[in-house]
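Letter by letter, the chains look like this.
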Amino acid sequence: DQQVKQNSPSLSVQEGRISILNCDYTNSMFDYFLWYKKYPAEGPTFLISISSIKDKNEDGRFTVFLNKSAKHLSLHIVPSQPGDSAVYFCAANSGYSTLTFGKGTMLLVSP
Amino acid sequence: DAGVTQSPTHLIKTRGQQVTLRCSPKSGHDTVSWYQQALGQGPQFIFQYYEEEERQRGNFPDRFSGHQFPNYSSELNVNALLLGDSALYLCASSLFQAGSSYNSPLHFGNGTRLTVT
């Protein structure tokens with residue numbers, strides 16, 4: 001029973017364009033959502049988060065949108081850069097930062 | 001400012017053996033969580049320690065146990081290893097925030113790659 005789903009295993013984008021990564025969840029008790037980025041041989045790195053009481057949070061090139069009625073969130077990266085190439089994990093907070101992760105989406109940004 | 005450190009980085013064990021993994025949290029953090037990441041999967045929550053006690057536990061058998069020390073560092077122990085325990089084990093730390101259901105964002109170490117043969 002996967003409570004957090006990232007249905008796209010991979011995404012390819014050209015440098016300078018927008019990257020949109022999607023995530024769906026099933027548990028309406030989740031109250032906080034996070035995106036993590038992971039490079040090979042490294043641990044996940046926190047990118048951006050959003051509380052369930054908001055519908056948008058922006059940090060530089062990264063924006064996360066939350067649609068509670070659809071139980072859907074997305075991460076927008078504008079403009080995309082080759083250094084953004086990594087695996088992106090969507091995660092939801094079950095309490096005290098106990099996170100439920102999706103399977104991840106591998107983003108490849110080509111020059 | 002030291003981040004989360006884990007040791008060892010790699011480990012090879014035989015089925016049935018026991019293993020201990022170690023973690024030092026980020027400076028200033030008081031809560032340690034452990035996650036298992038199997039190949040092609042996202043990290044899966046094992047358990048969380050705060051004030052030297054297990055506060056939350058995921059869907060893992062009792063073969064998985066842990067400990068937190070007074071300096072906030074932590075160990076993960078796995079007994080009677082199975083081939084399916086082969087995975088990347090990630091330690092993450094955070095700062096407990098009273099009155100909130102959400103701690104600070106988790107900071108992860110680079111993990112310990114465990115291979116069970």
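Structure's up top.
Since we're looking at a predicted model, the values are computed, not measured.

Basis of the calculations
- Residues numbered from 1 in each chain as written.
- Chains lettered and ligands numbered in written order.
- Predicted model: local features only at pLDDT ≥ 70, side-chain atom pairs only at ≥ 80, totals over all residues.
- Heavy atoms only, no water.
- Pairing = 2+ DSSP bridges.
- Helix = DSSP H or I, 4+ residues; strand = E, 2+ residues; numbered from the N terminus.
- Axes fitted to C-alpha atoms, helices over the stretch in contact; angles between N-to-C directions.
- Polar contact = N/O pair within 3.5 Å; in protein donor to acceptor, adjacent residues only side chain to side chain.
- Disulfide = S-S within 2.5 Å.
- Buried < 20%, exposed > 50% of the residue type's maximum accessible area, 1.4 Å probe, protein only.
- Contact = heavy atoms within 4.5 Å.
- Buried area = accessible area lost by both parts, 1.4 Å probe.
- Salt bridge = Lys/Arg side-chain N within 4 Å of Asp/Glu carboxyl O.
- Nonpolar A, V, L, I, M, F, W, Y, C, P; charged D, E, K, R; others polar.

**Here's the deal with the sheet that holds strand E8 (residues 74-78) of chain B**
All names here are of chain B.
Consideration 1: Here 4 strands make up an open sheet; going across it, the order is E1-E3-E8-E7 and the pairing antiparallel. Each of the sheet's edge strands pairs with one partner strand only, and the pair in question is strand E1 (5-7) and strand E7 (64-68). Each neighbouring strand pair of the sheet contributes to a mean axis angle of 20°, computed without reference to strand direction.
Consideration 2: In this sheet, E8 lies alongside E7 in antiparallel orientation, the contact comprising 5 bridges. From the neighbouring strand, Ser65 faces E8, where its bridge partner is Asn77.

**Brief notes about the environment of B:Glu75**
All names here are of chain B.
Consideration 1: Of note, Glu75 is situated in strand E8.
Consideration 2: When the C-alpha positions of Glu75 and Cys23 are compared, they lie 6.2 Å apart, and in sequence the two are 52 residues distant.
Consideration 3: A distance of 3.4 Å separates a polar atom in the side chain of Glu75 from a polar atom in the side chain of Arg22.

**As for the state of the cysteines**
Consideration 1: Summed over all chains, the structure comprises 2 disulfides over all chains.
Consideration 2: Put simply, A:Cys23 and A:Cys90 are joined by a disulfide, and their sulfur atoms are 2.1 Å apart. A torsion of -75° about the S-S bond marks the disulfide between A:Cys23 and A:Cys90 as left-handed. On the criterion of sequence distance, the pair formed by A:Cys23 in strand E3 (residues 19-25) and A:Cys90 in strand E9 (residues 86-93) is long-range, its members being 67 residues apart. Accessibility classification places A:Cys23 together with A:Cys90 in one group, the buried group.
Consideration 3: In this model, B:Cys23 is linked to B:Cys91 through a disulfide, with the two sulfur atoms separated by 1.8 Å. Residues B:Cys23 and B:Cys91 are joined by a disulfide whose S-S torsion is about -65°; by sign, that bridge is left-handed. With B:Cys23 in strand E3 (residues 19-24) and B:Cys91 in strand E9 (residues 87-94), the pair connects residues that are 68 residues apart, well separated along the chain.
Consideration 4: With relative accessibility at 0%, the residue B:Cys91 sits in the buried group.

**So, the interface of chain A and chain B**
Consideration 1: Listed per partner, the contact involves 20 residues of chain A and 24 residues of chain B.
Consideration 2: In total, chain A and chain B occlude about 1800 Å² of area from one another, counting both sides; carbon and sulfur atoms represent 57% of this.
Consideration 3: Sorting the residues of chain A by area buried against chain B places A:Tyr96, A:Ser97 and A:Phe101 first, and these three jointly supply 35% of that buried surface.
Consideration 4: Viewed at the interface, chain B and chain A are joined by 0 salt bridges.
Consideration 5: For the pair chain A and chain B, the number of links is 3 residue pairs in polar contact (both at pLDDT 80 or more).
Consideration 6: Of all elements in the fold, only strand E4 (32-38), E9 and strand E10 (99-101) of chain A reach the threshold of two or more residues within the side of chain A that touches chain B.
Consideration 7: At 4 residues, E4(A) tops the list of elements feeding residues into the side of chain A that touches chain B.
Consideration 8: Class assignment for the residues of the side of chain A that touches chain B results in 10 nonpolar, 6 polar and 4 charged.

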